[in-house]
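Single-letter residue listing:
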Amino acid sequence: MTGRLEGKVALITGAARGQGRSHAVRLAEEGADIIGVDLLEPIDGAPYGPSTEEDLAETVRQVEALDRRIVAAKADVRDAAGLRSAVDDAVGELGRLDIVSANAGILNEFAPSADLDEAMWRDMIAVNLTGVWRSIKVAVPHIRAGGRGGVIVITSSTAGLRGSANVSHYVSAKHGVVGLMRSLALELGPEMIRVNTIHPTQVDTDMIQNQRTWSLFAGGDDDATRETFAPVSQAMHVLPLPWVEKIDISNALLFLVSDDARYITGQELKVDLGMTLK
Ligand SMILES: NC(=O)c1ccc[n+]([C@@H]2O[C@H](COP(=O)([O-])OP(=O)(O)OC[C@H]3O[C@@H](n4cnc5c(N)ncnc54)[C@H](O)[C@@H]3O)[C@@H](O)[C@H]2O)c1
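Throughout this description, residue numbers start from 1 for each chain and increase along the sequence as written. Predicted model: local features are reported for residues with pLDDT of at least 70 only, side-chain atom pairs are reported and counted for 80 or more only, and whole-chain, interface and lining totals are derived from all residues. The side-chain figures draw on all heavy atoms in the structure; neither hydrogens nor water molecules are used.

(A) View of the site of the ligand. Taken together, 29 residues lie near the ligand, and Asp38, Asn103, Tyr170, Val203 and Thr205 sit nearest. Two N or O atoms count as a polar contact when they lie within 3.5 Å, although within protein this holds only if one can serve as hydrogen donor and the other as acceptor, and sequence-adjacent residues are included solely when both atoms are side-chain atoms. Arg17 places a polar side-chain atom, nitrogen or oxygen, 2.9 Å from an oxygen atom of the ligand. In this structure, an oxygen atom belonging to the ligand sits 2.9 Å away from a side-chain N or O atom of Ser51. Note on areas: these come from Shrake-Rupley sampling with a 1.4 Å probe, and a residue is covered only by the protein chains present in the view. Starting from 820 Å² of accessible surface for the ligand in isolation, the protein chains cover 99%. The near set for a molecule or strand comprises every residue that places at least one heavy atom within 4 Å of it.

This is the structure in structure tokens:
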């Protein structure tokens, strides 16, 4: 059986773990070869640990187990020269680029807007907004060079569609990528390059499954646990579940990058258990 992405090459940022690894594996299952980049370094103020060389090696192992090729590199979406050279080298090796999943993102300090530290605001915008723009900037020339069109999907969040107290820097960046997506969709549409955003609610990854994030959701309860966080998170949703799994976002990504969505561009796809209806 041939996959839906046979012969295609996909760039995924933040590919070492979490949703990025799941995306790499899901797209590879459908026949894509993968370019995976990740920071692999601590993020100042993050309430969770960094991904590691071992994490990225595990992504490589899982993709190669599917008999697909993968070029994985340590690269920071804040570093234009490093990111460009990693993507250029990988495309040189794999021969083409068709798909971009701009997935890399961070959470750092939580605080009301007026109390947010300058550095926390700067880092957030640098990674979650400017880093997304930069990832696409280095990829577009390669997609164009193929002359076959292509697809770009940006991972936003439900925080890209509504306000949220104590994380206005995250909310601002995730709203910002929606504007970027809409503008890119206009610019690139004539070349059959489609651009969309995905808006997940809570996803069961390190980014939210940690003490400080549980406490934030639980109204500052320092003893909050995964178990006490679950009903609080569930109450935000229409479907009676506390969070979605990585694979749910990967399947939404797969839909958007496949020909099943060939005429879909400029859209915000929510995978949110109905959160934004409330
Ligand atoms: N987990 C959630 O509840 C949730 C909900 C909505 C949206 N998101 C978004 O989904 C995306 C993936 O997050 P996740 O849940 O898999 O978290 P994660 O922390 O497990 O994965 C994020 C990955 O991005 C990498 N990364 C961070 N900064 C980078 C940089 N400067 N350059 C390159 N790589 C970098 C990290 O090293 C990490 O491997 C993020 O954009 C996040 O904001 C997450």
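(B) Representation of the nonpolar core within the structure. The biggest cluster of nonpolar side chains holds 47 residues, and the ones touching the most others in it are Leu11, Ile35, Leu97, Ile136, Ile152 and Ile154. Counting residues per element, this core draws most heavily on helix α5 (residues 168–188), at ten residues. Whether two residues touch is decided by their heavy atoms; if any such pair falls within 4.5 Å, the residues are in contact. Those residues in contact with Ile152, other than ones at most four positions away along the chain, are Val100, Ile136, Val140, Ile143, Leu188, Ile193, Arg194, Val195 and Asn196. Residues belong to one nonpolar core when they are buried, are Ala, Val, Leu, Ile, Met, Phe, Trp, Tyr or Cys, and are joined through side-chain atoms within 4.5 Å. Only protein chains enter the calculation, and the probe is 1.4 Å; a residue is then buried if its accessible area is under 20% of its type maximum, exposed if over 50%, and partly exposed in between. Grouped together as the second largest cluster of nonpolar side chains are 30 residues, Val25, Ile34, Leu56 and Ala252 included. A run of H or I in DSSP counts as a helix once it spans at least four residues, and a run of E counts as a strand once it spans at least two, with each numbered from the N terminus.

(C) Representation of the environment of Asn108 within the structure. Position of Asn108 relative to the elements: it lies in the loop between β4 (99–102) and α4 (118–146). Classification of Asn108 as buried rests on a relative accessible area of 0%. Taking the C-alpha atoms as reference, Asn108 lies 11 Å from Ile208; in sequence the two are 100 residues apart. Engagement of the side chain of Asn108 in a polar contact is seen with the backbone oxygen of Met120, the distance being 3.2 Å. A polar contact of 2.7 Å, which involves the side chain of Asn108, links it to the side chain of His169.

(D) The arrangement of the pairing of strand β2 (residues 33–38) in detail. The buried fraction of β2 amounts to six of the six residues, a majority that puts the element mostly inside the structure. With burial as the criterion, each face of β2 is covered, one bearing Asp33, Ile35 and Val37 and the other bearing Ile34, Gly36 and Asp38. Here five bridges tie strand β1 (residues 9–13) to β2, and the two strands are oriented parallel to one another. Counterpart to Val9 in the pairing with β2 is Asp33. If you view a crossover with the strands going away from you and the path from the first strand over the helix to the second runs clockwise, you call it right-handed. Between the parallel pair β1 and β2, the chain is carried across by helix α1 (residues 18–29), and the sense of this crossover is right-handed. Since β2 and strand β3 (residues 70–74) lie parallel, the crossover through helix α2 (residues 53–64) that links them has a hand, and here it is right-handed. Between any two strands, at least two bridges found by DSSP are needed for them to pair.

(E) How the structure looks around the packing of aromatic side chains. In this analysis, rings of Phe, Tyr and Trp, with Trp reduced to its six-membered ring, are considered paired at centre separations within 6.5 Å, and the interplanar angle assigns stacked below 30 degrees, edge-to-face beyond 60, and tilted for intermediate values. Summed over the entire model, instances satisfying the criterion amount to two aromatic pairs. Here the aromatic rings of Phe217 and Phe229 are separated by 5.0 Å at their centres, their planes lie at 70 degrees, and the arrangement is edge-to-face. Remark: Phe229 occurs in helix α7 (residues 226–234) and Phe217 occurs in helix α6 (residues 211–217); sequence separation between them is twelve residues. The class for Phe229 is buried, based on a relative accessible area of 0%. Between the aromatic rings of Phe229 and Trp243, the centroid separation amounts to 5.6 Å while the plane-to-plane angle is 20 degrees, which identifies the pairing as stacked. Note that Phe229 is positioned in helix α7 and Trp243 in the loop between α7 and α8 (246–257), a separation of 14 residues in sequence. Comparing Phe229 with Trp243, the two get one shared label, buried. Aromatic ring contacts, followed pair by pair, group Phe217, Phe229 and Trp243 into a single cluster. Only lysine NZ and arginine CZ atoms are considered, and such an atom sits over a ring when it is within 6 Å of the ring centre and within 35 degrees of the ring normal. The lysine or arginine in question, Arg212, covers the ring of Phe110, its NZ or CZ lying 5.8 Å from the ring centre.

(F) Quick look at α7. Residues Phe229, Ala230 and Ser233 constitute the buried set of α7. Buried residues of α7, viewed axially, fall in a sector of 110 degrees; they line one side. Summarising the contacts, the buried residues of α7 are in contact with α6. Our arc is simply the arc of the directions from the helix axis toward the C-beta atoms.

(G) Summary view of the sheet that holds strand β5 (residues 150–155). Taking strand neighbours across the sheet as the criterion, the seven strands line up as β3-β2-β1-β4-β5-β6-β7 in an open arrangement whose pairing is parallel. Strand pairing shows two members of the sheet lacking a second neighbour, β3 and β7 (268–271), which therefore form its edges. Strand-to-strand, the axes of this sheet are offset by a mean angle of 15 degrees, without reference to chain direction. Two strands pair when backbone bridges link them, and β5 and strand β6 (residues 193–200) are joined in this way by six bridges, in the parallel orientation. Bridge pairing in β6 places Ile152 opposite Val195. Along the sheet, α2 makes contact with β2 and β3, crossing β3 at roughly 175 degrees. All axes are obtained by fitting lines to C-alpha atoms, using only the stretch in contact for helices, and the reported angles, taken between N-to-C directions, cover 0 to 180 degrees.

Read these as geometric descriptors, not functional statements.
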